[in-house]
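# Close look at the chain arrangement
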Amino acid sequence: MADSPRNSGARTGGARRRILESAARRFYLDGIAATGVDAITADAGVAKMSLYNNFASKSALVCASLEARHAEWLALYVRRARRAADPVTRTLAVFDAYLDQAALAPEPGYRGSALLNAAAELPLGDPGREIVRRHSAEVDGILAAGLRELTDRARAERVAQQLSYILHGALARSGLEADRRRLRDARTLALDLLTAL
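Of the regular secondary structure elements, the protein holds 10 helices and zero strands. Ordered by position from the N terminus, the helices and strands of the protein form the series α-α-α-α-α-α-α-α-α-α. At 18 Å, the protein has a C-alpha radius of gyration in line with the 16 Å of a compact globule built from 197 residues. The principal-axis extents of the C-alpha atoms in the protein amount to approximately 55 × 35 × 35 Å. Relative to its 197 residues, the protein shows a buried fraction of 43%. At a minimum sequence separation of 6, the contacts of the protein that also span at least 24 residues come to 69%. By element, 54% of the accessible surface of the protein is carried by carbon and sulfur atoms, the whole surface being about 10,000 Å².

Dropping the structure here:
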């Protein structure tokens, strides 16, 4: 049954899209645990059976929502990176993509990174936490790759780790304080580090 559209997420269509959009919004604003499937289906304007025809469970919906958040961030990053004229700007595109994603958050109610918020709510071993971990690992890899264009491999890895800590600290603080300014500050700190290479 692992190959069925219900479990693989292979279904497409308006109902699936509306359910995912509603789930992403409600999970972000209210939290995963506090958001029931009834609230999601009511918000999406679909029957509960439609949700279960598209997602095997609430957990599968959470995972699909997190994958969509990752895909959204990656698309924002790729768009920024393609326009970057040099390795410094390409590296900063990581920070810019998070700023772009933050600008998409509902107003009022900015709560920081939807991915980090979900990871904080989900128990150890939950598949959703693995999605967030893979997202962070991909971001770290992008940072390291950009830095390898600017310096030797060992230093690139060290500075990539520093940038990752700055970025994740800013994401946590921006959510805690409901203030996107922390992400702009992190970008400035990143630029300072990159300029010093």
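The discussion continues.
Here the focus is helix α10 (residues 181–195). Compared with the 21 Å implied by 1.5 Å per residue over 15 residues, the 21 Å span of α10 between its first and last C-alpha is a close match. Buried within α10 we find L183, A186, A190 and L194. Summarising the axial view, the buried residues of α10 lie within an arc of 75°, below the 170-degree limit, and thus occupy one face. Residues of α10 that are buried in the fold lie against α6 (87–103), α8 (127–148) and α9 (153–177).

On to the nonpolar core, then. Formed by 32 residues in total, the largest nonpolar core has its most connected members in W73, Y77, V94, F95 and L163. If one sorts the elements of this core by residue count, α6 sits on top with eight residues. The residues touching V94, leaving out its near neighbours within four places in the chain, are W73, Y77, V139, I142, L143 and L167. Formed by 22 residues, the second largest nonpolar core is a distinct cluster that contains V37, V46, L122 and I131.

Here we take up helix α7 (residues 114–121). At 3.6 residues per turn, the α-helix brings residues three or four places apart onto the same side. Regarding α7, the residues found buried are A114, L115, A118 and A119. Here the buried residues of α7 occupy an arc of 135° about the axis, which is enough to place them on one side. Residues of α7 that are buried in the fold lie against α2 (14–30), α5 (58–83) and α8.

We now examine the packing of aromatic side chains. Throughout the structure, instances matching the rule amount to two aromatic pairs. Residues W73 and Y77 carry aromatic rings whose centres are separated by 5.6 Å and whose planes lie at 10° to one another, so their mutual orientation is stacked. With W73 and Y77 both in helix α5 and four residues apart, this pair spans about one turn of that helix. For the pair formed by W73 and Y77, the shared burial category is buried. On the numbers, 5.1 Å between centres and 40° between planes, the contact of W73 with Y98 is tilted.

A few words now on the packing of α5 against α7. One way to put it is that α5 packs onto α7 with a least axis distance of 10 Å and a crossing angle of 150°. Taken together, the axes of α5 and α7 lie roughly antiparallel to each other. Helix-helix and strand crossings are classified by hand; for α5 and α7 the assignment is left-handed. Across from L66, R69 and H70 in α5, the residues of α7 making contact are A114, L115 and A118. Of the residues contributing to the contact of α5 with α7, the split by class is four nonpolar, one polar and one charged.

Reading the values: rules and limits
- Residues numbered from 1 in each chain as written.
- Predicted model: local features only at pLDDT ≥ 70, side-chain atom pairs only at ≥ 80, totals over all residues.
- Heavy atoms only, no water.
- Helix = DSSP H or I, 4+ residues; strand = E, 2+ residues; numbered from the N terminus.
- Rg over C-alpha atoms; globule rule 2.2 N^0.38 Å.
- Buried < 20%, exposed > 50% of the residue type's maximum accessible area, 1.4 Å probe, protein only.
- Contact = heavy atoms within 4.5 Å.
- Areas by Shrake-Rupley, 256 points an atom, 1.4 Å probe, with all protein chains shown as cover.
- Expected span 1.5 Å × (residues − 1).
- Arc of directions from axis to C-beta.
- Core = buried A, V, L, I, M, F, W, Y, C linked by side-chain atoms within 4.5 Å.
- Phe/Tyr/Trp six-rings, centres within 6.5 Å; stacked < 30°, edge-to-face > 60°.
- Axes fitted to C-alpha atoms, helices over the stretch in contact; angles between N-to-C directions.
- Parallel < 35°, antiparallel > 145°, perpendicular 65-115°, else oblique.
- Left-handed = near helix turned anticlockwise from the far one by under 90°.
- Nonpolar A, V, L, I, M, F, W, Y, C, P; charged D, E, K, R; others polar.

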